[in-house]
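So you can see what is in the structure, the chains are spelled out below.
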Amino acid sequence: MTTNDTILSVQDLRKWFTLRAGLFSFNRQPSYVKAVDGVSFDVPRSGSIAIAGESGCGKTTLARTILRLVEPTSGSVLYNGENIYEMNRLELSELRLKMQLIFQNPFEVLDPRHTVVDLVGEGLVIHGLQENDEVLHDRVISALEDVRLIPAEDFATRYTHELSGGQLQRIAIARSLILKPELIIADEPVSMLDASIRTEVMNLMTDLQKEKELTYIFITHDLAQARYIGDYLIIMYLGRIAEMGPMEDVIQAPQHPYTKALVSNIPIPDPTVERDRIMLEGETPTPVDLPPGCRFKPRCQEIGVYCKEDEPILHEVASGHWVACYIE
Amino acid sequence: MAVLEVRDLATYYYLGKKELKAVDGVSFDIESRRTLGLAGESGCGKTTTAYSIMRILAENGKIARGSVTLGGVELTELSDEEMRQIRWKKASIVFQYAMNAFNPVLRIGRQIVEVIREKDKMSEEEAVLTVSTLFDEVGLKPERQTDYPHEFSGGMLQRAIIAQALACDPQLIIADEPVTALDVIVQNKILDLLRKLQDKYNLAVLFITHDLSVVAENCHDVGIMYAGNLVEVGDAASVFKKSLHPYSYKLIGAFPSVVGPKKRLEFIPGSPPNLLNLPTGCKFHPRCPFAQSICKDDIPEFREITSGHFAKCHFAGELDFGGGQ
Ligand SMILES: Nc1ncnc2c1ncn2[C@@H]1O[C@H](COP(=O)(O)OP(=O)(O)OP(=O)(O)O)[C@@H](O)[C@H]1O
Ligand SMILES: Nc1ncnc2c1ncn2[C@@H]1O[C@H](COP(=O)(O)OP(=O)(O)OP(=O)(O)O)[C@@H](O)[C@H]1O
Ligand SMILES: [Mg+2]
Ligand SMILES: [Mg+2]
């Protein structure tokens, strides 16, 4: 499947965390949290892929493993054909400039002792890309303006605790965009922004994509956002891909029972529209000691004979539209 | 009488010598069993409004004027100690970051027991029993009280925080973006839960979010903030269907949806307001397509246009936004 036009190819990637002994004291065998459990997909150059799925399904772990912020349990990730798990430190450092991660929780990654200018300019300094202080300052200011932190000079000297939640999140975005990467993995980058600023930031992201031929992997739990920014959608469930395909195909004609439930639960900004929601029973399971057969089975309303025995594998139901489910 | 009455509340932050008017004249009521959804763009003062009511502002923030009464008691005049008694017992807040709300090295149940015992003179055993009941109420297994925060999923932590917020039987719950970090399925479960608990405990709820679809589906009333002002308030159907303020109208139009054709979203042109240097007159006038000269000169009054539906616009009720809503 991998072609020249594939910028990133994720191949049977797994990331299992070992649970500390004693946490599940009844079990002397080591247990694993199978956060990412056999995920494969290709990202076309200048494409934008949205990855969605409920809390705890492994989205953040997938992103961190793709960037090699954690080592994988198995599998490979090819960036322009090169396996990133075989790269040396120098190659990795160059890669990290081309491939940026916008972290989910800005509170975690933004050092409270630094001012906004330092936080946004940090990457340029680390990679030795600043020409001189003045140019650096100007670039930071224009990056702040891009994410609508205006007047930028007023924000530049503040510390993180002097900003609102959404303002911090935009600092995280500016920090990545300023490096002009080829590929951005954005982990819930606009979750804290209101509709208007979110729209501007998403428009900025799509504009940059066209101008600079940027590629996006956009992680979100919000399908309305996914639809807005992505042209291809991947739905994850407990560490695996349940369904993937062209955005409109998946949203308008979801095939997997889990995707159907997700789509039916999307809120609509109109208090007079009543909709039938498919409620999923049960607490989201954790990817520890998964049941045999389909991992969605405990919450599925359409269980068939095969579902109890083997894990369904992705098969193509329409052009480019793949589903991991036995039910037709 | 309303459980919570906020009148002309103003809160400023100080950055060196500069004064930042984060909240500047906000008035609203919340009755028992009703939910007011407070929405508006990032940085418009939603969290500051909540923190002012609870009096948990950052050190460089001060309530400059206005009044906040809870069950008839004026909160802005209480001593710090009196205010501490009100917090949790009469009014609880659910913070946005579930992850940061609990101490990571203490068992979750333990932390809620401490909150209860600090406010109510109750024995250890009674408090543990109360926590069990609350856990059950929010859909958590009571035996999970002994878990540490990292053993909970995001959705479970959020429920534990709601249990903690309910621990002392409050009259008011403030929820600051309680579901932003959660997927829609968990979101809807938590919102359903809040609604049930609201009826059962006669709660007044202040629900802060930037997500208008969540407001549309879950709040009785809606308040829209812009640059520290409340620009419109009314019941949800009126605000969504018959917006009185051009900003509310625009904000509602900027929301992505999965129904209807996919389109490039319209956003509000112009710069977000500079709180350190606000425009004269109506704060929205530089971005408002309907602005007249009066809008530059005079601050519009916050007036009742139709019964229970207020707006802060010189032309509220007279504007035709076109396109029909
Ligand atoms: N360092 C870790 N050690 C053990 N388990 C982990 C670790 N990091 C993540 N997990 C577990 O892996 C699973 C996937 O977590 P991850 O953060 O990738 O989910 P997510 O899809 O990003 O969720 P959310 O939407 O809530 O951000 C969860 O069950 C989580 O508890
Ligand atoms: N401690 C502080 N010092 C100075 N300015 C502050 C401080 N805290 C907040 N601000 C500013 O006050 C304004 C209002 O902030 P607030 O946190 O109330 O916004 P918000 O409406 O909750 O926004 P968001 O949706 O992004 O969370 C913002 O412009 C913010 O930059
Ligand atoms: Mg995540
Ligand atoms: Mg806030």
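Please refer to the structure placed before this passage.
As a starting point, this report considers the structure included with it.

How each quantity is defined
Residues numbered from 1 in each chain as written. Chains lettered and ligands numbered in written order. Predicted model: local features only at pLDDT ≥ 70, side-chain atom pairs only at ≥ 80, totals over all residues. Heavy atoms only, no water. Helix = DSSP H or I, 4+ residues; strand = E, 2+ residues; numbered from the N terminus. Rg over C-alpha atoms; globule rule 2.2 N^0.38 Å. Buried < 20%, exposed > 50% of the residue type's maximum accessible area, 1.4 Å probe, protein only. Contact = heavy atoms within 4.5 Å. Areas by Shrake-Rupley, 256 points an atom, 1.4 Å probe, with all protein chains shown as cover. Lys, Arg positive; Asp, Glu negative; His and termini not counted. Charge placed at Lys NZ, Arg CZ, Asp CG, Glu CD. Near = heavy atom within 4 Å. Polar contact = N/O pair within 3.5 Å; in protein donor to acceptor, adjacent residues only side chain to side chain. Nonpolar A, V, L, I, M, F, W, Y, C, P; charged D, E, K, R; others polar. Salt bridge = Lys/Arg side-chain N within 4 Å of Asp/Glu carboxyl O. Pairing = 2+ DSSP bridges.

## Regarding the overall build of chain A
Broken down by element type, chain A carries eleven helices and twelve strands. Its C-alpha atoms give chain A a radius of gyration of 21 Å, within 12% of the compact-globule value 20 Å for 328 residues. The C-alpha extent of chain A, read off along each of the three principal axes, is 70 × 55 × 45 Å. Taking all 328 residues of chain A together, 57% fall into the buried category. Put simply, of all contacts in chain A between residues at least 6 apart along the chain, 62% involve residues at least 24 apart. Only carbon and sulfur atoms are counted for the fraction: they give 50% of the accessible area of chain A, which is about 14300 Å². Within chain A, one finds 31 positive and 48 negative side-chain charges whose respective centroids are separated by 6 Å.

## Observations regarding the site of ligand 2
The immediate surroundings of ligand 2 are formed by 23 residues, with S164 and Q167 of chain A together with S42, T47 and T48 of chain B found nearest. The environment around ligand 2 is built from residues contributed by chains A and B. Within the backbone of E162 of chain A, one N or O atom sits 3.5 Å away from an oxygen atom of ligand 2. A distance of 2.7 Å is found between an oxygen atom of ligand 2 and a side-chain nitrogen or oxygen belonging to T47 of chain B. Alone, ligand 2 offers 640 Å² of accessible surface; in the complex the protein occludes 96% of this. Elements that contribute at least two residues to the shell around ligand 2 include exactly α7 (165–177) of chain A together with β1 (4–15), β2 (18–30) and α1 (46–54) of chain B. Partitioned by chemical class, the residues of the shell around ligand 2 number eight nonpolar, eleven polar and four charged.

## A short note on α1 of chain B
All names here are of chain B. Within α1, seven of the nine residues are buried, which leaves the element mostly enclosed by the surrounding structure. For α1, the set of buried residues is K46, T48, T49, A50, S52, I53 and M54. Just beyond α1, the residue with positive phi is R55, at close to 55°.

## Thoughts on the site of ligand 1
All names here are of chain A. The immediate surroundings of ligand 1 are formed by 13 residues, with S55, G56, K59, T60 and T61 found nearest. Contact distances for ligand 1 include 2.8 Å between an oxygen atom and a side-chain N or O atom of K59. Contact between ligand 1 and T60: an oxygen atom at 2.7 Å from a side-chain N or O atom of the residue. When the free accessible area of ligand 1 is taken as 640 Å², the share hidden by the protein chains comes to 66%. Of all elements in the fold, only β2 (32–44) and α1 (59–66) reach the threshold of two or more residues within the shell around ligand 1. Per element, the largest residue contribution to the shell around ligand 1 is three residues, and it comes from α1. For the shell around ligand 1, the class distribution of residues is five nonpolar, six polar and two charged.

## Looking at the pattern of salt bridges
Evaluation of the coordinates by the stated rule reveals 26 salt bridges over all chains. Connected through salt bridges with shared partners, the residues D12, R14, D37, R240, R295 and E311 of chain A form a single ionic network.

## Things to note about the pairing of strand β8 (residues 215–219) of chain A
Residues and elements named next belong to chain A. By the criterion of burial, β8 is predominantly enclosed, with five of the five residues buried. Here β8 shows a buried face lined by T215, I217 and I219 and a second buried face lined by Y216 and F218. As judged from the four bridges shared by strand β3 (residues 48–52) and β8, these two strands associate in the parallel manner. Paired with A50 across the two strands is F218, which belongs to β8. Inspection of the sheet shows strand β7 (residues 183–187) paired to β8 by five bridges, in the parallel sense. Bridging from a neighbouring strand, A186 pairs with F218 of β8.

By themselves these figures say nothing about function.
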